[in-house]
Amino acid sequence: MVTPEDFGSHETAWCPGCGNFQLLEGVKNGLAAAGIAPREVLFVSGIGQAAKAPHYLDVNVFDGLHGRALPAATGAKLADPRLEVIVESGDGCCYGEGGNHFLAAIRRNIGITMIVHDNQIYGLTKGQASPTSAEGLVTKAQPGGVTSERFDPLSIAIAMHANFVARSFSGMPDHLARVVAEAVRHPGFALVDVLQPCVSFNRINTFAWYKKRVYELGGDHDPSDREAAAARAREWGDRIPVGVFFRGDRAPFEQRVPVLRDGPLVGREHDTAALARIMDGFR
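Our subject in this report is the structure included herewith.

## Here's the deal with the overall build of the protein chain
Move 1: Scanning the protein chain for helices and strands turns up 9 helices and 8 strands.
Move 2: For 283 residues, the compact-globule estimate of 2.2 N^0.38 gives 19 Å, and the protein chain sits close to it at 19 Å.
Move 3: Taken across its 283 residues, the protein chain has 52% of its residues classed as buried.
Move 4: Considering only residue pairs separated by 6 or more positions, the protein chain has 72% of its internal contacts joining residues 24 or more positions apart.
Move 5: Of the roughly 13300 Å² of accessible surface on the protein chain, a fraction of 54% belongs to carbon and sulfur atoms.
Move 6: Side chains of the protein chain give 29 positive and 32 negative charges; the mean places of these two sets differ by 3 Å.

Below, the structure is given as structure tokens:
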């Protein structure tokens, strides 16, 4: 039986009160609930305070460049589809520098779970606006306020037919664990956007701010209805829904790649004759 304690306990470099702490525990509890052992999972992250989260887990970890976690994770998943691959990083890393990779992963429907620490700010680099920062937010880098409209990751993911789209809140640890467990079990690309307050650089979207607004999607929401999911995803402001917005049934990319029909690439013998023919083709 897998337990949260199997994923270890380590000293962190986060600020006291950071929402990352609850998120870290939610991920441990979610993986344990899904019955996934530490040796069966690979975490891939980018750069930032959120990207440090896998460092505090006793699992396989690969750190990519800023915004480039998804390409590395895609390669790992294609090399060995048996591996549970999870990308975990911040909203700036995933939706800013990694925005194009985010769109490509949804289009492919690669079997990866992407957990995004969405604190609506760049934390590691001292508080400039991120793609999910609210229009008008004043920071040291944007003293006149953010002039761009907020990026809406859930609406984008639903519009592009992502196979699993969910949101949770780090202040709801049990809910977060349930969503993570369901996301990793669902085939294809799964997005879990987690509202996670930054206590140092975002003094607007605090725990108290979210607690007044966040509510759980109820039984009246049908996650197989994409139009209804899109409508709920657009709800943002005085009330913010969390839960599973959409579940799709597209076949994962790794099941549609011909070269993987004979099994994982990992462990196969190298065909040196075929490689020589390919190299000769470039002469």
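## Topic: empty space enclosed by the protein
Move 1: Considering all chains together, one arrives at 1 cavity of 30 Å³ or more under this definition.
Move 2: For the largest cavity, the calculated volume is near 60 Å³.
Move 3: Around the largest cavity, the lining residues are Gly 67, Arg 68, Ala 69, Leu 70, Val 87, Ser 89, Cys 93, Cys 94, Gly 98 and Met 114.
Move 4: Of all the elements in the fold, those that place two or more residues in the lining of the largest cavity are helix H2 (69-79), strand S3 (84-90) and helix H3 (91-97).
Move 5: Residues that form the lining of the largest cavity fall into these classes: 6 nonpolar, 3 polar and 1 charged.

## With respect to the nonpolar core
Move 1: By size, the foremost hydrophobic cluster in this structure holds 32 residues, and its most contacted members are Leu 31, Phe 43 and Ile 115.
Move 2: Secondary structure elements with two or more residues in this core: helix H1 (20-34), strand S1 (41-45), strand S5 (164-169), helix H6 (173-185) and strand S6 (190-195).
Move 3: Sequence-distant contacts of Phe 43, that is, excluding residues within four places in its chain, are made with Val 27, Leu 31, Pro 54, Leu 57, Val 59, Asn 60, Val 61, Phe 62, Ile 86 and Glu 88.

About the thresholds
- Residues numbered from 1 in each chain as written.
- Predicted model: local features only at pLDDT ≥ 70, side-chain atom pairs only at ≥ 80, totals over all residues.
- Heavy atoms only, no water.
- Helix = DSSP H or I, 4+ residues; strand = E, 2+ residues; numbered from the N terminus.
- Rg over C-alpha atoms; globule rule 2.2 N^0.38 Å.
- Buried < 20%, exposed > 50% of the residue type's maximum accessible area, 1.4 Å probe, protein only.
- Contact = heavy atoms within 4.5 Å.
- Areas by Shrake-Rupley, 256 points an atom, 1.4 Å probe, with all protein chains shown as cover.
- Lys, Arg positive; Asp, Glu negative; His and termini not counted.
- Charge placed at Lys NZ, Arg CZ, Asp CG, Glu CD.
- 1 Å grid on protein atoms, 1.4 Å probe; cavity = no way out; pocket = protein on both sides within 12 Å on 5 of 7 lines; lining within 4 Å.
- Points joined across faces, edges and corners; volume = space filled by probe spheres on them.
- Nonpolar A, V, L, I, M, F, W, Y, C, P; charged D, E, K, R; others polar.
- Core = buried A, V, L, I, M, F, W, Y, C linked by side-chain atoms within 4.5 Å.

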